[in-house]
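# Results of the structural survey
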Amino acid sequence: MTFGPSFEDSTLTRTVDAAVSAIRATEDRVPAVAMVLGSGLGALADALDDAQEWPTQDLPGYPASTVEGHAGRVLIGTLEGVTVLVIRGRLHYYEGHSIRSTTFPIRLAYALGARKLLVTNAAGGINRRFRPGTLMFITDHLNLGWTNPLIGPNSGEGPRFPDMSNPYDADWLAKAEEKALELGIATERGVYLWTQGPSYETKAEIRFFERIGADAVGMSTVPEVIEAVYLGMKVLGVSTITNHAAGIVPGELNHEEVMEVGAMVRTQLERLVRGVLEV
Ligand code: HPA
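Here's a quick rundown of the structure. For every chain, the first residue of the written sequence is number 1, and numbering continues from 1 onward in sequence order. Note on the predicted model: pLDDT of at least 70 is required for a residue's local features to be given, and 80 or more for side-chain atom pairs to be given and counted; whole-chain, interface and lining totals, by contrast, use all residues. For side-chain calculations, the full set of non-hydrogen atoms in the structure is used, while hydrogens and water are omitted.

### With respect to the site of the ligand
- Nearness is defined per residue: one heavy atom within 4 Å of the molecule or strand is enough. Taken together, Ala 122, Ala 123, Gly 124, Tyr 200, Glu 201, Val 217, Gly 218, Met 219, Thr 242, Asn 243, Leu 253 and Val 258 are the residues near the ligand.
- The contact in question runs from a nitrogen atom of the ligand to an N or O atom on the side chain of Glu 201, over 2.8 Å.
- Residue Asn 243 places a side-chain N or O atom 2.7 Å away from a nitrogen atom belonging to the ligand.
- Expressed as a share of its isolated accessible area of 260 Å², the protein-covered part of the ligand is 95%.
- Per the convention used, a helix needs a DSSP run of H or I reaching at least four residues, while a strand needs a run of E reaching at least two, with both numbered from the N terminus. Breaking the shell around the ligand down by element, the ones donating at least two residues are strand S5 (116–125), strand S8 (216–218) and strand S9 (234–244).
- Tallying contributions element by element places S5 first for the shell around the ligand, with three residues.
- Classes in brief: Ala, Val, Leu, Ile, Met, Phe, Trp, Tyr, Cys and Pro nonpolar; Asp, Glu, Lys and Arg charged; the others, Gly included, polar. In terms of residue class, the shell around the ligand is made up of seven nonpolar, four polar and one charged. Whenever a nitrogen or oxygen atom comes within 3.5 Å of another N or O atom, the pair is scored as a polar contact, on the condition that within protein one atom can donate a hydrogen and the other can accept it, and that pairs from neighbouring residues in sequence are kept only if both atoms are in side chains. Calculation of accessible area relied on Shrake-Rupley with a 1.4 Å probe; when residues are assessed, cover is drawn exclusively from the protein chains displayed.

As structure tokens, then:
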């Protein structure tokens, strides 16, 4: 396994063609929306109607998951009357994948015809108004992973130097907020900051992130969004604030707490995700 970008990784060797063929062998529905579900939202994948699913290890070229006991899955089915592609098999940079490999699922979604991307994640709250359990629509991001999935030769599907002034679709976001209001689900807006991880942040890092305008911090999503914007997809992002970021309140961070809070708000997030599919 290669750690960090290398020329080999950044070439277009990770093409999605074979994976698309494997899916198209038995499935001809074109997904309108692709959803990358954070760890807490697995149940939603099982709620699809008329679903067909593929373990990611059966999709040629799909980078192998390093998360023990969690084989990834890709599903096509219907949710709230919308044909969706669900990606359960997010690839994090901290797992040791090349940065280009982390966005394989996004290129796959695009190649299958999806033109909208809904991303969810767990994040630490930097904004002092946020509490564990807050749901935050992402309005913008800060790339403090200091790398980019588009490094390497341009495949030509998008521009060499894609604009990032509006990565999150303002119209979809506004409609999603209306829908949340209608459903009685409280939401916030904020800027998501990406770090490579896997260690959580120091208090000094969080003070720095607060000063530069971050509301939440996490270890995923930004590479996926960059790839999607490059491909011309409309993006909506929702973070579940699972904990106060380091130093915002006294105490230490642990992964179990993150998972517990994720589980607590799962039902609300699931309702919200269903709601925003329709708009
Ligand atoms: N930091 C980084 N990633 C996270 C956090 C955090 O505090 N909580 C959930 N994912």
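### Looking at the environment of Tyr 94
- Among the structural elements, Tyr 94 can be located in the loop between strand S4 (82–88) and helix H4 (99–102).
- Here, two residues are considered to be in contact whenever any of their heavy atoms come within 4.5 Å of each other. In contact with Tyr 94, not counting residues within four places along its chain, are Gln 196, Gly 197, Pro 198 and Met 219.

### Notes on the environment of Pro 55
- Secondary-structure assignment places Pro 55 in strand S2 (residues 49–55).
- Looking at Pro 55, the relative accessible area reads 29%, which means it is partly exposed.
- Separated by 50 residues in the primary sequence, Pro 55 and Pro 105 place their C-alpha atoms 13 Å from one another.
- Setting aside anything within four residues of it in sequence, one finds Pro 55 in contact with Gly 72 and Arg 73. Note on classification: 1.4 Å probe, protein chains only; a residue is buried when its accessible area is under 20% of the maximum for its type, exposed when over 50%, partly exposed between these limits.

### Things to note about the nonpolar core
- Residues Leu 108 and Leu 117 are the most contacted members of the largest nonpolar core, which totals 44 residues.
- With six residues, the single largest contributor to this core is helix H8 (residues 222–230).
- Core analysis: the next-biggest nonpolar cluster, separate from the first, contains 28 residues, Leu 236, Leu 269, Val 273 and Leu 277 among them. Each nonpolar core is a collection of buried residues, namely Ala, Val, Leu, Ile, Met, Phe, Trp, Tyr and Cys, held together in the definition by side-chain atoms within 4.5 Å.

That's the geometry; what it means functionally is another story.
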